[in-house]
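# Overview (structure and organization)
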Amino acid sequence: MGKLTTHILDTASGLPGENIQLRLYRCAPNEESRGDILLITALTNEDGRCNAPLLEGDDMQCGTYRLEFDVADYYRAQGLDLPEPPFLDIVDIRFGISDADSHYHVPLLVSPYGYSTYRGS
């Protein structure tokens, strides 16, 4: 059975990204985000992970999705003095699920001035 998970690592501190608000959307068939459907909102735990998969079972469907991570709010809560506007406010990752029976893991490695992601395991 397939599932979708995420994990956030704060590369500036070397620690898990705790208490980061995120949202998962199923993307509209066209390229515009106005028709995207919000599926879930979550907050990361002390390990930078969500307490449950973002998608699993019948909710895990092929298609295009978008994860939004509120990284500027996280860094402000850490006491970092960010410029206005911050270089990174919301990190938006658009990705595809082509096999609903597989495990898709979308890690986010983030700092106030850069991020990377990949398909993890």
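Figured I'd write up the structure that's included with this text. Worth saying up front: this structure is predicted, and the values here are computed from it rather than measured. (Residues numbered from 1 in each chain as written. Predicted model: local features only at pLDDT ≥ 70, side-chain atom pairs only at ≥ 80, totals over all residues. Heavy atoms only, no water.)

It is worth spelling out the sheet that holds strand S6 (residues 63-70) at this point. Taken together, the 4 strands give an open sheet; going across it, the order is S4-S3-S6-S7, and neighbouring strands pair in antiparallel fashion. Each edge of the open sheet carries a strand with a single partner, namely strand S4 (37-43) and strand S7 (90-97). Neighbouring strand axes in the sheet, compared pairwise and without regard to direction, differ in orientation by 20° on average. Bridge count for S6 against S7 is 8 bridges, and the pairing is antiparallel. (Pairing = 2+ DSSP bridges. Helix = DSSP H or I, 4+ residues; strand = E, 2+ residues; numbered from the N terminus. Axes fitted to C-alpha atoms, helices over the stretch in contact; angles between N-to-C directions.)

A separate point is the pattern of salt bridges. Opposite charge on two side chains makes pairing possible when the charged atoms of those side chains draw close. Overall, the coordinates contain 8 salt bridges when judged by the stated rule. The salt bridge partner of Arg 66 is Asp 36, with a shortest N-O separation of 2.9 Å. With Arg 66 in strand S6 and Asp 36 in the loop between strand S3 (21-26) and S4, this residue pair connects regions lying 30 residues apart in the sequence. With relative accessibility at 12%, the residue Asp 36 sits in the buried group. One salt-bridge network, held together by shared partners, links Arg 23, Asp 36, Arg 66, Glu 68, Asp 70 and Asp 92. (Salt bridge = Lys/Arg side-chain N within 4 Å of Asp/Glu carboxyl O. Buried < 20%, exposed > 50% of the residue type's maximum accessible area, 1.4 Å probe, protein only.)

Limitation: the analysis is restricted to geometry and does not speak to function.
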